[in-house]
Amino acid sequence: MKTILACVLLVFACCVQAQNNVDSSGLALKGYDPVAYFSEKRPVPGKPELTARHEGATYRFASAANRDAFAAAPATYAPQYGGYCAFGMASGYKAPIEPDAWTVAEGKLYLNYNQSVRRQWSSDVPGYVRKADANWPTVRSK
């Protein structure tokens, strides 16, 4: 029975991790603080000692206040599409991100592959969001 339970938990953990853009240790956003994109309007590296987990991903924070804000409302601060490139998601696939290629629009954090992709994304954020939102339910578990 313990073996079956362990297998079920392992499969669940792999599925949750596959839905989030994390490194091999489960770290999201390459260690950057998701709250700082909103409060400081720039990417800020988080500290290893200030973390919180959300949907199978570990987030780091630059301050305890940011960690506490995230813990109180993680869906407000967590990046869209599991932290994958929003432009890639609009095109129907998962792509990695660079923390400095970002946009906050309509109160949500969107990340992009790089600055060039971000410029293209910025040309029609509402249109790309509609496409990415439509693709995410299918692509998230791939």
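Our structure is the block above this text.
This write-up is about the structure you can find in this document.

Thresholds applied
Residues numbered from 1 in each chain as written. Predicted model: local features only at pLDDT ≥ 70, side-chain atom pairs only at ≥ 80, totals over all residues. Heavy atoms only, no water. Helix = DSSP H or I, 4+ residues; strand = E, 2+ residues; numbered from the N terminus. Contact = heavy atoms within 4.5 Å. Salt bridge = Lys/Arg side-chain N within 4 Å of Asp/Glu carboxyl O. Buried < 20%, exposed > 50% of the residue type's maximum accessible area, 1.4 Å probe, protein only. Expected span 1.5 Å × (residues − 1). Polar contact = N/O pair within 3.5 Å; in protein donor to acceptor, adjacent residues only side chain to side chain.

## Points about the side chain of Asn112
- The topology assignment puts Asn112 in strand 4 (residues 108-112).
- In contact with Asn112, other than residues within four places in its own chain, are Cys85, Ala86, Phe87, Pro96, Ile97, Glu98, Ala101, Val117, Arg118 and Trp121.

## Description of the pattern of salt bridges
- Inspection of every chain in the model, using the stated rule, returns 3 salt bridges.
- Glu40 is the salt-bridge partner of Arg42, the closest N and O atoms lying 3.0 Å from each other.
- By relative accessible area, which is 44% here, Arg42 ends up partly exposed.
- For Glu40, a relative accessible area of 37% puts it in the partly exposed group.
- Residues Arg67 and Asp68 are paired through a salt bridge, measuring 3.3 Å at the closest nitrogen-oxygen approach.

## With respect to helix 7 (residues 125-139)
- Taking 1.5 Å per residue as the helical rise, helix 7 with its 15 residues ought to reach 21 Å, and the 19 Å between its terminal C-alpha atoms agrees with that figure.
- Within helix 7, burial applies to Val125, Gly127, Tyr128, Val129, Ala132, Trp136 and Val139.
- In this structure, the buried side of helix 7 is in contact with helix 5 (86-90), strand 3 (98-105), strand 4 and helix 6 (115-122).
- You can read the cap of helix 7 off the contacts: a side-chain oxygen lies 3.1 Å from the backbone nitrogen of Gly127, and it is on Asp124.

## Things to note about the side chain of Gln80
- Within the secondary structure, Gln80 is located in the loop between helix 4 (74-77) and helix 5.
- What makes Gln80 buried here is its relative accessible area of 18%.
- Each residue touching Gln80, except ones within four places of it in the same chain, is listed here: Lys108, Leu109 and Tyr110.

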